[in-house]
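# Structural overview
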Amino acid sequence: MSGSSNRKGWSDTIPLLGQHSKSKSKSQPHHYKPQLHSDHSVCLEMTSPAAAGAPLRTVFLGVDVGTGSARAGLFDENGKLLGSSSSPIQIWKDGDCIEQSSTDIWHAVCAAVKAACTIANVAGEEVTGIGFAATCSLVAVDSDGSPVTVSWSGDSRRNIIVWMDHRAVEQAQRINSSNSPVLQYCGGALSPEMQPPKLLWVKENLQESWSMVLRWMDLSDWLSYRATGDDTRSLCTTVCKWTYLGHAHMQRNNEKNSRDMEACGWDDDFWEEIGLGDLVDGHHAKIGRSVAFPGHPLGSGLTPAAAQARNFELGLVAGIPVGTSLIDAHAGGVGVMESVPVSDSEAKDDDVESLCHRMVLVCGTSTCHMAVSRSKLFIPGVWGPFWSAMVPEYWLTEGGQSATGALLDHIIENHVASAHLANRAASKSISIFELLNKTLESMMLDLKLPFLASLTEEIHVLPDFHGNRSPIADPKAKGMLCGLTLDTSEKQLALLYLATVQGIAYGTRHIVEHSNAHGHKIDTILACGGLAKNPLFIQEHADIIGCPIILPRESESVLLGAAILGAVAARKYSSVHDAMKALNAAGQVIHPSKDPKVKKYHDTKYRIFRELYEQQLSHRSLMAQALA
């Protein structure tokens, strides 16, 4: 680690809840020179652009660590992507246990940042602000900031429990039986993908590791800590994954001169009741004694050790403002939620409720469904309501599907025709998805079908291969395939692929309908992430949900959302929402089919989709009785 251990007092001296400057100046950015006072407090001393040698451009850097890679993107003052790059990260999978290495991830981040700067022709001196986003994976480090193993293997490199790890299903069930009041802000029940069940698992199974860990951190918070030495946690991560009650900050958000940094949203009774009372010690020092709004400037910015160009570090300038982090899906929401066509935004410019009619789909390995409201809405099986966890002063509700991109990969890679299909795609220099889409188009024409979706008349998929996150909230749910034959051809794989895409879309329709039945007014979908680049995936969602789907101008919405945190930390904008309005922009709009036959077809298949889970429950009950 880069000297972070000697800076751990920073978070005790920096105001977290004060308001940012209201200025939106478009002048050249200030340069921040870290000053360490005799009382160990830190401030940011501004030098004039002239004295510092003002850069020609203002560039914001966003870093996103996903499940398989670290990515970096550079954006100008108009939210235009200048260049991006990615670097793979290692992952260990052993049954329900899925682990990563924070050391490996930091090296990948540094490689991606350097490559992105080269591709965009951006000098380190031009980067004005930095923001981090990442999966909601759990990081364990000791008093020196060194990794502590969370693995049965004992391998110290493996100090991250990945978000999709399901080792803590039994711990989640026990925690949910507590009926703690905090559970109502998690859709009524914690998921094994959240942090308290994972923490309880480590305490019960890896006692030595438990005693060694000084800081338990969400991955995006660890990234900002690694960059700045400030272990302040994000309101986003703590509220959405740790049961922190963010609305405890509602009053403080209106106190413009507030300098109270103490985390005030932890429910100590909850931690005591579930057997993790030792995490309350030291004013919650191990899980977050100070919590800040996303985009709040951390420490004195980028530390010299993290900035240096050698030893795998970032190759940037020390002191660049770094904003408090976001979970990757939430960064996607920030990067896309104001990406509405100009006519729509003008029509609703004065309507504070306009955001409340939108849902963002962040479609990658999994899909997250982000919607906001002005009042808190309690929706069974949907996470939240989380106050200010994504858009300031809006309540967030978050649905999700634990395996979407991962499921499509699984379906394709485990089919006998997969290898031949991959070779054909490579020979044509296109992706497997492009080849499958072309195959489906040809099949529709050959069979003289009225519309492509009707190819799956006899194939139905329940996509809960990794449990159901929303709205049923059943981690024991299983995937189901109906209509299989002995056919092993590429055409049969194409049909299975299409049916899986439709099953995923029916799951999203279920989440949208369930959310609207409990107070939301969603009528517009915005989509980003890797799957959003697949036109068949997006068109099927539009047809099945019955809503237009807006794609952003910049496809790298998660990177833009992360970069927005840096722009706010650099005080280019007074709030995250102001930065969203300035830097988000709409691209293509995909409308649902107007053919009533398409609607009737999907309504019927959606009914079958819902019945598949009911059949599964019935089968589960019958087998339980047989084994009783």
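Bear in mind the structure is a predicted one, so any value in this text is a computation, not a measurement.

Scanning the chain from N- to C-terminus turns up 21 helices and 23 strands. Burial status across the chain gives 59% buried among its 628 residues. Of all intrachain contacts in the chain linking residues separated by at least 6 positions in sequence, the fraction that spans at least 24 positions is 73%. As displayed, the chain has an accessible area near 24,000 Å², and 52% of this comes from carbon and sulfur atoms.

A cis geometry characterises the amide bond from glycine 384 onward to proline 385, with omega recorded as 5 degrees. One can find proline 385 in strand β17 (residues 383-387). Backbone torsion omega between serine 470 and proline 471 reads -5 degrees, so that peptide bond is classified as cis. Inspection of the secondary structure puts proline 471 in the loop between β19 (460-462) and β20 (480-482). Phi angles above zero are rare outside glycine, and asparagine 121 is one such case at about 55 degrees. You can see asparagine 121 is positioned in the loop between α2 (102-120) and β8 (127-134). By relative accessible area, asparagine 121 is classed as exposed at 62%. One non-glycine residue, threonine 243, lies in the positive phi region at around 75 degrees. Threonine 243 gets classed as buried once you look at its relative accessible area, which sits at 3%.

Enumeration over the complete set of coordinates arrives at 13 aromatic pairs. Judged by centre distance (5.2 Å) and plane angle (80 degrees), the rings of tryptophan 152 and tryptophan 201 are edge-to-face. Taken together, the residues span a long stretch of sequence, with tryptophan 152 in the loop between β9 (138-141) and β10 (160-161) and tryptophan 201 in helix α4 (residues 195-205) at a distance of 49 residues. We classify tryptophan 201 as buried; its relative accessible area is 5%. Ring centres of tyrosine 506 and tyrosine 606 lie 6.3 Å apart, and the angle between their planes is 45 degrees; this geometry places the pair in the tilted category. Residue tyrosine 506 is found in helix α17 (residues 490-517), and its partner tyrosine 606 is found in helix α21 (residues 596-627); the two are separated by 100 residues along the sequence. The burial state of tyrosine 506 is the same as that of tyrosine 606; both residues are buried. Among the aromatic side chains, those forming a connected cluster through ring pairs are Tyr244, Trp266, Phe270 and Trp271.

Calculation rules
- Residues numbered from 1 in each chain as written.
- Predicted model: local features only at pLDDT ≥ 70, side-chain atom pairs only at ≥ 80, totals over all residues.
- Heavy atoms only, no water.
- Helix = DSSP H or I, 4+ residues; strand = E, 2+ residues; numbered from the N terminus.
- Buried < 20%, exposed > 50% of the residue type's maximum accessible area, 1.4 Å probe, protein only.
- Contact = heavy atoms within 4.5 Å.
- Areas by Shrake-Rupley, 256 points an atom, 1.4 Å probe, with all protein chains shown as cover.
- Phe/Tyr/Trp six-rings, centres within 6.5 Å; stacked < 30°, edge-to-face > 60°.

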